[in-house]
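A closer look at the structure
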Amino acid sequence: ENGESEGVARLKLRFLKQLCRTYLHSYAEDRDEFERYRAEQGELLNRFALHSALDAAMHRANRELWNWRSWPQAYRDPDSPPVREFARTHWRSVLLYEWIQWRVEQQLARAQRHALDAGLRVGLYHDLALAVDRYGADLWAHPSFYVDGCRVGAPPDDFSPKGQDWAFPPPNAQRHWEDGYRLFAESVRRNMRHGGALRIDHVMRFFRLYWIPDGMDASAGTYVRDRYEDLVRIVALESVRNRTFVVGEDLGTVPEIALQTLSRFGILSYRLFYFEKDYQSTPPGRFRLPEEYPENALVSVSTHDLPTLAGFWQNRDIELRHAAGLLPDEASYRAMLEGRLGEKQKMLDLLQNLGLLPGWFPTDAAAVPEFTGELHAAIIGFLAMTPSRLFLLNQEDIFKDTEQQNLPGTTGEYPNWRHKVRYAIGELRSGLPADCASMFREWLVRSGRLA
């Protein structure tokens, strides 16, 4: 599979090289626009392109060199004389990768314009990643902005009993402050540029991150605070400049100061059907009613790290964790299955009490092993009825797909980020896809979200 992917990449790059030469030699207007783009992006673009060109050259010379940490020592420093000499002698290769980035940005801009012209109110919804790959271009180009000797993750909890090791370096808060947060502001600005909404992955990073010392597992980490007021102010400023909604993924344990700060700056909360429960109720843990959801929030079923609706109902995520050896023992596995049945019963009770399910539908969750169309429509209707300003539905949840995009804590045990849309474009206008879309639209109309 890796060999096939590499072959496809080489083939695409061959055509991109030819297109680049054609455009830059045949279209003077394009060349002028490209030069303006290069000047505007400056060192940030140049260092990324230089890393890309070096990476390609190193891998051609030695197929075992897959990232900059395995390069000869002299090339691991972007300011070293050998790197400067490479940039001088391989300027065409560096230019190619700058041109590719320019074309990508043009395509994003066109996609956003098309979305707005088609009547969408927000358009593209972008995601600001939590961090960078320790083997990627960012760390090579700007090493002083990251802390060596630690990784970021999450402590053990019910969701991940062994904790989570996300394997990326934490940011160097002092270095960012000294630099006036230039890199941080640029990353926010560029992610907002061609979209109407931006999701901040793990927005708690502005307040604290869980650091794990190298050589230790996730249970040995500790939380380290950041200068949250500075970071949130920058996000708010760029939101106004770019006329972009900002949604903070504020899931899990969130200190009160974080909730207050995000609300003060107009950053929308992130509310998931799975997690919205009232623990002061009797019995504790009932699912909240639609009217109990906040207005200044985005409401959804799940995230890429959580099970889909169908996967949740059919215990797919628990079975995957069990098969991957992520659960401590068989007792934990059985307890999770029992707990999931209890959660499904609470969901069923909620939907039936609100009249969202037909009268003949079973009242016992154990009697409903499959995720039926009636359940699907009821949960989507429930979310549409909430007063939250934005309503997001993943394509997996539109089409009742059981497979989630990412299973935290896994690498080779699960095909993370490789799960494709269930239907081809040509199949979307008929059959189940069309029925699901019609049901979704009907609820948007009934709830007043689609006037």
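Everything here concerns the structure above.
Report follows, based on the coordinates. (Residues numbered from 1 in each chain as written. Predicted model: local features only at pLDDT ≥ 70, side-chain atom pairs only at ≥ 80, totals over all residues. Heavy atoms only, no water.)

**Some points on the overall build of the protein**
Rules: In this text, helices come from DSSP runs of H or I with a minimum length of four residues, and strands from runs of E with a minimum of two, each type numbered from the N-terminal end. Here the globule rule reads 2.2 Å times residues to the power 0.38, and the radius of gyration is calculated from C-alpha atoms. Accessible area is worked out with a 1.4 Å probe on protein chains only. A residue is then buried under 20% of its type maximum, exposed over 50%, and partly exposed in between. Residues are treated as being in contact if the distance between any of their heavy atoms lies within 4.5 Å.
Each helix and strand counted, the protein has 15 helices and 12 strands in total. For 451 residues, the compact-globule estimate of 2.2 N^0.38 gives 22 Å, and the C-alpha radius of gyration of the protein, at 24 Å, lies within 12% of that figure. Evaluated residue by residue, the protein yields a buried proportion of 44% over its 451 residues. Put simply, 68% of the contacts in the protein that link residues at least 6 apart link residues at least 24 apart.

**Remarks on helix 2 (residues 28-61)**
Rule in force here: For a helix, the expected span equals 1.5 Å multiplied by the residue count minus one. To get the bend at a given residue, fit one axis to the seven residues ending there, fit another to the seven starting there, and take the angle between those axes.
Taking 1.5 Å per residue, 34 residues should reach 50 Å; helix 2 reaches only 35 Å between its end C-alpha atoms and comes up short. Most pronounced at G42, the bend in helix 2 amounts to some 100°.

**Quick word on the pattern of salt bridges**
Where side chains of opposite charge bring their charged atoms close, a pairing between them can arise. Note the following rule: The rule for a salt bridge is simple: a side-chain nitrogen of Lys or Arg has to be within 4 Å of a carboxyl oxygen of Asp or Glu.
In the structure shown here, the tally under the stated rule is 30 salt bridges. Notably, a salt bridge pairs E292 with R286, separated by 2.9 Å at the nearest N-O pair. E292 sits in the partly exposed class, given a relative accessible area of 32%. Classification of R286 as partly exposed rests on a relative accessible area of 30%. It is possible to trace a salt-bridge network through shared partners that takes in E43, R47, D79, D179 and R182.

**Re helix 12 (residues 330-353)**
Selection rule: A 3.5 Å cut-off defines polar contacts: any pair of N or O atoms within that distance qualifies, except that in protein one atom must be a possible hydrogen donor and the other a possible acceptor, and neighbouring residues in sequence count only when both atoms are side-chain atoms.
Taking 1.5 Å of rise per residue, 24 residues should cover 34 Å, and helix 12 covers 35 Å from first to last C-alpha, within 8% of that figure. Looking at helix 12, one finds that the buried residues are Y333, R340, E343, K344, M347, L348, L350 and L351. Sitting at the head of helix 12, D329 places a side-chain oxygen 3.2 Å from the backbone nitrogen of A331. Phi turns positive one or two residues past the end of helix 12, at G355, with a value near 70°.

**Looking at the environment of V254**
Following the sequence through the fold, V254 ends up in the loop between strand 7 (245-248) and helix 9 (256-264). When the C-alpha atoms of V254 and Y75 are compared, they prove to be 42 Å apart, with 179 residues separating the residues in sequence. Not counting residues within four places of it along the chain, the set of residues in contact with V254 comprises M204 and L259.

**Re the sheet that holds strand 2 (residues 150-154)**
Rule in force here: A strand pair is defined by DSSP finding two or more bridges across the two strands. Lines fitted to the C-alpha atoms define the axes, with helices restricted to the stretch that makes contact. Angles between their N-to-C directions range from 0 to 180 degrees.
Spatially, 3-2-5-6 is the arrangement adopted by the four strands of the open sheet, whose pairing is antiparallel. The sheet is open, and its two edges are formed by strand 3 (164-168) and strand 6 (222-225), each paired on a single side. Going across the sheet, the axis of each strand differs from the next one's by a mean of 50°, ignoring polarity. Where strand 2 meets strand 3, three bridges bridge the pair, whose relative direction is antiparallel. Along strand 3, the bridge assignment pairs V152 with F168.

**Structural notes on the side chain of T303**
In this fold, T303 is placed in the loop between strand 11 (297-300) and helix 10 (309-313). Among the residues examined, T303 registers a relative accessible area of 7% and is labelled buried. Engagement of the side chain of T303 in a polar contact is seen with the backbone nitrogen of D305, the distance being 3.1 Å. Among all residues touching T303, those that are not within four sequence positions of it are E249, L251, Y270, L272 and N394.

**Considering the side chain of E396**
Selection criterion: For the charge count, each Lys or Arg is scored as positive and each Asp or Glu as negative, with His and the chain ends excluded.
Mapped onto the elements, E396 comes out in helix 14 (residues 395-398). The charged side chain of E396 is buried without a salt bridge, its nearest counter-charge being R422 at 10 Å. A polar contact is formed between the side chain of E396 and the side chain of Q405, at a distance of 2.8 Å. Not counting residues up to four positions away in its chain, the partners in contact with E396 are T308, D401, E403, Q405 and H419.

**Digging into the packing of aromatic side chains**
The test is simple: Two aromatic rings from Phe, Tyr or Trp, using only the six-membered ring of Trp, form a pair when their centres are within 6.5 Å; if the ring planes differ by under 30 degrees the pair is stacked, by over 60 it is edge-to-face, and anything between is tilted. A ring is scored as having a charge over it whenever the NZ atom of a lysine or the CZ atom of an arginine sits within 6 Å of its centre and within 35 degrees of its normal.
All told, the structure shown has 14 aromatic pairs when counted by the stated rule. For the ring pair Y23 and W99, a centre distance of 6.0 Å and an interplane angle of 50° mean the geometry is tilted. With Y23 in helix 1 (residues 2-26) and W99 in helix 4 (residues 91-117), this residue pair connects regions lying 76 residues apart in the sequence. On the basis of an interplanar angle of 15° and a centroid distance of 4.5 Å, the ring pair of Y274 and F312 is categorised as stacked. With a gap of 38 residues between them, Y274 in the loop between strand 8 (269-272) and strand 9 (277-278) and F312 in helix 10 connect regions that are remote in the sequence. Neither residue differs from the other here; Y274 and F312 are each classed as buried. Cluster of aromatic residues (ring-pair linked, three or more members): F273, F287, Y293 and F382. The ring of Y23 carries R103 above its face, with NZ or CZ at 4.6 Å from the centroid. Just above the ring of F312 sits the side chain of R340; from NZ or CZ to the centre is 4.0 Å.

**Topic: the pairing of strand 1 (residues 125-128)**
Here strand 1 shows one buried face, formed by H126 and L128, and one open face, formed by Y125 and D127. In this sheet, strand 4 (residues 197-200) lies alongside strand 1 in parallel orientation, the contact comprising four bridges. By the bridge assignment, D127 is partnered in strand 4 with R199.

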